[in-house]
Amino acid sequence: MTSKTKKKSPPKKTRGFLGRAWRAVFKWGLIICLIGSIPFAGWVWWLDQKVVTRFEGQKWQVPSEVLSAPIYLKSGAPWKKAELEALLKETGYRFGRNSQKVGWAARSKTKVSAHLRSYVYYNGFHPSERRIFSFVDGKLQIQSLNGHPVAEASIEPQRIGFLYGGNTERRQILTYRDIPKSLIEILTTVEDRDFFHHWGISLTGIARAAWVNFTHDSRRQGGSTLTQQLVKNMFLSSERTYTRKLTEIVMSLLLEYHYSKQEIITAYMNEVYLAQVGNEGLHGFAAASQHFFGRPLKELNIDEMALLVGMVKGPSYYNPERHPKRALSRRNTVLAILKDQGRLTPADYQILVKQPIRLADKRRTRSIYGDYLDLVSLQLSRDFDKETLATKNLRIYTGVDIRAQLAATRAMRRQVALLERYDKRLAGLQGAMVVTDRQNGQVRAVVGSSDKHYSGFNRALGAVRPIGSLVKPPLYMAALATGHYTWWSHIDDKRMRFNVDGKIWEPENYSRKTHGVVHLYEAMAHSYNLATVNLAQQIGFDRVGDTLRQLGVKRPFTMHPAMALGALELSPFEVARMYQPIASRGKSSELGVVLAVMDQHDHLLKRFDRSTKVPFTDALLAVTLDGMTKVPEIGTAKAAQHAFPDLTFAAKTGTSNGQRDSWFEGITGDYASTVWLGDDDNAPLDITGATGAQKVWIDFTRHMNPRSLPETLPNGAVRYDVLDDSFEIAAKRCKNRESLAFIDGTQPTSSSSCFWPF
């Protein structure tokens, strides 16, 4: 028999020692782990607080956006088909075969149809509507789809700029409901296919990135989900370290723990950086859609959304404005991914991949609206601080008319360029223009320079220059207000001498000639200086000064005889303010810029109401305005009347001493426009109000479908045909008659039939 060899067991003392050692290691290891977990837990808690505070607090500093007035289209208004088509394109509408979709328009040989966008205005919500526009004898006719006539339609307010106040980020905030589902599908397909299934990180993505980085001995992939990208953009720097990556992972898990997928992807859509525009960072898909395509995000096509999603990978590298070929290639790569993932059919892919990149026209920039924005900032500075305007995403509704602003800007640039081309001595000619609503005084357009780009000096506000003969209508109004003068009254156009502070002042007419005794309407229409000074002396220079102040001239001045011929120095904006009571015939006096301010939740914060008090009767103002219609009819604005032979409008030309300033005031049924041309160095110019500023007004008015001033006069004013040589009401058969307006009670009391027996 063989016996088995038995293993010897360790002595009991040895077994006891090893057991105690292992227990000690486990015990102290557990204690060390617990102690070590305290700072880790504290770090995680600190990150959690940071995530919640940042995400639930003010996430972004969003500048206030400035919006134009709605564009009202009225049946019966003068319109051409091409003009309406151009306006729809300017406001971001696309033309196709039909207008079923919001933001689309269609056209035939005689009609235009459009599905107008809905919008929120300070006076309420305006729903979208489909309208058909036809043009009968040059007049607009609006109908609904069922053929019923419609009195008015409106195009939504247009964004004309932002008030940054030092903020360098441009955003437009979206809610989840605002995000097109197709954009979410494209973004998640390309950037994070498992977004709606993971908890903030993708283990497979991290593993894949780690393997690629290990095999290439460099960081080539990051394996980031959309949640991680959002965390990196909102909370972390752009450094590429493993510590930062660990922080990103923990914060992503915390973000997913606290918030829904809808909240996270909405934040991503608003946060993602997509371009640098000057000194402003373009953040969010909504702002990018407006910048690159000029349309709301929900109106983009699939290929346009694919372009924006493709830019996420490299905003600067794939910027379509700077690198169109790269952007096109990247867009097509995104479309190919969508096809491979079954999001696009092969047929749709073939159609979309052939589409060119069509970017928005960048004409509607600060170069056009910058001068108007200066006025907006000036008005709001009295009620809102800069930080609020720069960060609180307010919506500022103004009265700017984009048609008027574009027409005024282009007219100024065109005519100044032509004047400089024809006369080299006019090189460096500058200009300014202020356009107001004739009735309510809302400022519709402001041009502060003749330069193609925003110059930084707003001459509409800052060019304070002698106004020349633009002072005359208020002066003649002062005479009419006495009740002793009418437009038919006579005044002697003769040479006069004045002793002003020990110096002799002898005014002259522009022609250096005198004209004897003339009617008041003739003296103003032909801008006779001598007759005007004579009239001012008769009624009293102080009375003229009082009238100017009552018309809104707030700038201090001392009245002396030369003031009667326009030595008064005002800016174009101040001149527009002075003429507003006359233009509106007493309906308005103050000029309006901002109408209302609303917050991001559509709550009205402030509405700006203006005083309409005018210390003159409607009748006096209407009679004054009517007298100004003689200037284009028989006087210095004949060129404007020749350009618009069927238009009844009021006007006044103005030229300062030495021909240093060229002025024109034109008033139609819709607009009152003040135009100034001059040299920044105040050099003499070889132009007058008639040969300079008037040309700008004519150019502008040609593009505005002008309407005549109303024929009817308010209570207290009457119009009669009066004999030229005797103060009698003239029958229609009379040849030497003139149609003149009178304050009731100052008109002729006798009449003439101009009938002579044989």
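Parameters at a glance
Residues numbered from 1 in each chain as written. Predicted model: local features only at pLDDT ≥ 70, side-chain atom pairs only at ≥ 80, totals over all residues. Heavy atoms only, no water. 1 Å grid on protein atoms, 1.4 Å probe; cavity = no way out; pocket = protein on both sides within 12 Å on 5 of 7 lines; lining within 4 Å. Points joined across faces, edges and corners; volume = space filled by probe spheres on them. Helix = DSSP H or I, 4+ residues; strand = E, 2+ residues; numbered from the N terminus. Nonpolar A, V, L, I, M, F, W, Y, C, P; charged D, E, K, R; others polar. Phe/Tyr/Trp six-rings, centres within 6.5 Å; stacked < 30°, edge-to-face > 60°. Buried < 20%, exposed > 50% of the residue type's maximum accessible area, 1.4 Å probe, protein only. Lys NZ or Arg CZ within 6 Å of the ring centre and 35° of its normal. Pairing = 2+ DSSP bridges. Contact = heavy atoms within 4.5 Å. Axes fitted to C-alpha atoms, helices over the stretch in contact; angles between N-to-C directions. Salt bridge = Lys/Arg side-chain N within 4 Å of Asp/Glu carboxyl O. Polar contact = N/O pair within 3.5 Å; in protein donor to acceptor, adjacent residues only side chain to side chain. Parallel < 35°, antiparallel > 145°, perpendicular 65-115°, else oblique. Left-handed = near helix turned anticlockwise from the far one by under 90°. Expected span 1.5 Å × (residues − 1). Bend = angle between axes of the 7 residues up to and from the residue.

Asker: Quick question: what am I supposed to make of empty space enclosed by the protein here?
Answerer: To find leftover empty space, one rolls a probe the size of a water molecule over the atoms. Within the structure shown, the criterion is met by three cavities of 30 Å³ or more. Considered as a void within the structure, the second largest cavity measures approximately 40 Å³ in volume. Surrounding the second largest cavity, T668, Y671, S673, W697, F700, T701, M704 and P706 form its lining. Looking at the lining of the second largest cavity, the element that brings in the most residues is helix α24 (residues 689-702), giving three residues. In the lining of the second largest cavity, the residues fall into five nonpolar, three polar and no charged.

Asker: Where do I start with the packing of aromatic side chains in this structure?
Answerer: In this description, a pair of aromatic rings is defined by centroid distance and the angle of the planes. Evaluation of the coordinates by the stated rule reveals 15 aromatic pairs. For the ring pair F498 and F541, a centre distance of 6.0 Å and an interplane angle of 75° mean the geometry is edge-to-face. Of this pair, F498 sits in strand β21 (residues 498-500) while F541 sits in helix α19 (residues 541-550), placing them 43 residues apart in sequence. The burial state of F498 is the same as that of F541; both residues are buried. Look at F664 and W697: their rings are 5.3 Å apart centre to centre, the planes differ by 40°, and that puts the pair in the tilted class. A residue pair is termed long-range when its members are at least 10 positions apart, and F664 in strand β28 (residues 661-667) and W697 in helix α24 qualify at 33 residues. Of the residues examined, F664 reaches a relative accessible area of 0% and is grouped as buried. Site record: aromatic cluster; members linked through ring pairs are Y119, Y121, Y122 and Y397. The side chain of R117 reaches across the aromatic face of Y93, ending 4.1 Å from its centre. Positioned above the aromatic ring of Y349 is the side chain of K339, whose terminal nitrogen or guanidinium carbon lies 5.2 Å from the ring centre.

Asker: Would you mind going over the pairing of β28 with me for this structure?
Answerer: Looking along a regular strand, one sees the side chains alternate between the two faces of the sheet. Within β28, seven of the seven residues are buried, leaving the element largely enclosed by the surrounding structure. By the alternation rule, side chains of β28 split into D661, W663, E665 and I667 and S662, F664 and G666, which are all buried. Two successive antiparallel strands, strand β27 (residues 650-655) and β28, enclose a turn made up of five residues, where G658 displays a positive phi of approximately 80°. With seven bridges connecting them, β28 and strand β29 (residues 671-678) associate as antiparallel partners. Counted as the bridge partner of I667 is A672 from β29.

Asker: Honestly, the sheet that holds strand β9 (residues 139-143) in this entry has me stumped. Any pointers?
Answerer: Working definition: the strands of a sheet are paired by backbone hydrogen bonds and lie parallel or antiparallel to each other. Pairing within the open sheet is mixed, and its six strands lie in the order β3-β4-β5-β8-β9-β10. With one partner strand each, in any of the chains shown, β3 (94-95) and β10 (149-150) form the two edges of the open sheet. Sheet analysis places strand β4 (residues 104-107) next to strand β5 (residues 111-116), joined by three bridges and oriented antiparallel. Note that in β5 the partner of A105 across the bridge is A114. The strands touched by helix α2 (residues 81-90) are β3, β4, β5, β8 (129-136) and β9; relative to β5, the strand with the most contacts, the crossing angle is about 25°.

Asker: Looking at this structure, I do not really get the side chain of S571. What am I missing?
Answerer: Turning to its location among the elements, S571 is positioned in the loop between β24 (569-570) and α20 (572-584). Contact partners of S571, with chain neighbours within four places excluded, come to A460, L461, A463, V464 and W663.

Asker: What is the right way to look at the pattern of salt bridges in this model?
Answerer: Opposite charge on two side chains permits them to pair, given that their charged atoms come into close proximity. Using the criterion set out here, one finds 32 salt bridges in the structure. Ionic pairing is found between R159 and E65, a salt bridge with its closest N-O pair at 2.5 Å. Taken as a pair, R159 in strand β12 (residues 159-163) and E65 in strand β1 (residues 64-67) lie far apart in primary sequence, 94 residues in all. A salt bridge links E590 to R577; the nearest nitrogen and oxygen atoms lie 3.2 Å apart. With E590 in the loop between α20 and β25 (594-598) and R577 in helix α20, this residue pair connects regions lying 13 residues apart in the sequence. R577 sits in the buried class, given a relative accessible area of 11%. Linked through salt bridges whose partners overlap, the residues forming this network are K81, E85 and R107.

Asker: Whenever I open this one, the pairing of β8 confuses me. Can you help?
Answerer: Here β5 runs beside β8; their pairing, made up of six bridges, is antiparallel. Opposite S113, over in β8, you have I132 as the bridge partner. Connecting the antiparallel pair β8 and β9 is a turn made up of two residues, with D137 showing a positive phi of about 55°.

Asker: Can you help me understand the environment of E738 in this one?
Answerer: Mapped onto the fold, E738 is located in strand β32 (residues 737-743). Sequence separation between E738 and D724 is 14 residues, and the spatial gap between their C-alpha atoms is 6.4 Å. Among all residues touching E738, those that are not within four sequence positions of it are Y521, K630, E633, Y720, D721 and V722. In this structure the side chain of E738 is engaged in a polar contact, spanning 2.8 Å, whose partner is the side chain of K630.

Asker: Would you mind showing me how to read the packing of helix α3 (residues 181-191) against helix α9 (residues 302-311) here?
Answerer: For any two helices packed against each other, the geometry is given by the interaxial angle and the distance between the axes. The geometry of α3 relative to α9 is characterised by a closest axis approach of 10 Å and an angle of 45° between their N-to-C directions. Considering the angle they form, α3 stands oblique to α9. In this structure, α3 meets α9 at a crossing whose hand is right-handed. In contact with S182, L183, I186, L187 and V190 of α3, α9 contributes I302, M305, A306 and V309.

Asker: Honestly, α24 in this entry has me stumped. Any pointers?
Answerer: Note that an α-helix has 3.6 residues per turn; residues three or four places apart therefore point the same way. With 14 residues, α24 extends 18 Å between its outermost C-alpha atoms, agreeing within 8% with the 20 Å of an ideal straight helix rising 1.5 Å per residue. Along its length, α24 reaches its greatest deviation from straightness, about 30°, at K695. Here α24 lies mainly inside the structure; ten of its 14 residues are buried. Those residues of α24 lying buried are G689, G692, A693, Q694, V696, W697, I698, D699, F700 and T701.

Asker: For this particular structure, what's the right way to read the sheet that holds strand β13 (residues 169-170)?
Answerer: Strand order in this open sheet of three strands is β13-β15-β14, and the pairing throughout is mixed. The sheet terminates laterally at β13 and β14 (273-277), the two strands that pair on one side only. Of the strand pairs in this sheet, β13 and strand β15 (residues 280-283) are connected by two bridges, and their pairing is parallel. Note that in β15 the partner of R170 across the bridge is L282. With respect to the sheet, helix α8 (residues 285-293) is in contact with β13, β14 and β15, its orientation differing from that of β15 by roughly 110°.

Asker: Would you take a moment to explain unusual backbone geometry for this structure?
Answerer: When glycine is set aside, most residues are seen to have a negative phi, and most peptide bonds are trans. Even without being glycine, R585 reaches a positive phi, approximately 55°. Its location among the elements puts R585 in the loop between α20 and β25. Even without being a glycine, N682 presents a positive backbone phi close to 65°. Its location among the elements puts N682 in the loop between β29 and α24. When its relative accessible area of 34% is taken as the criterion, N682 is described as partly exposed.

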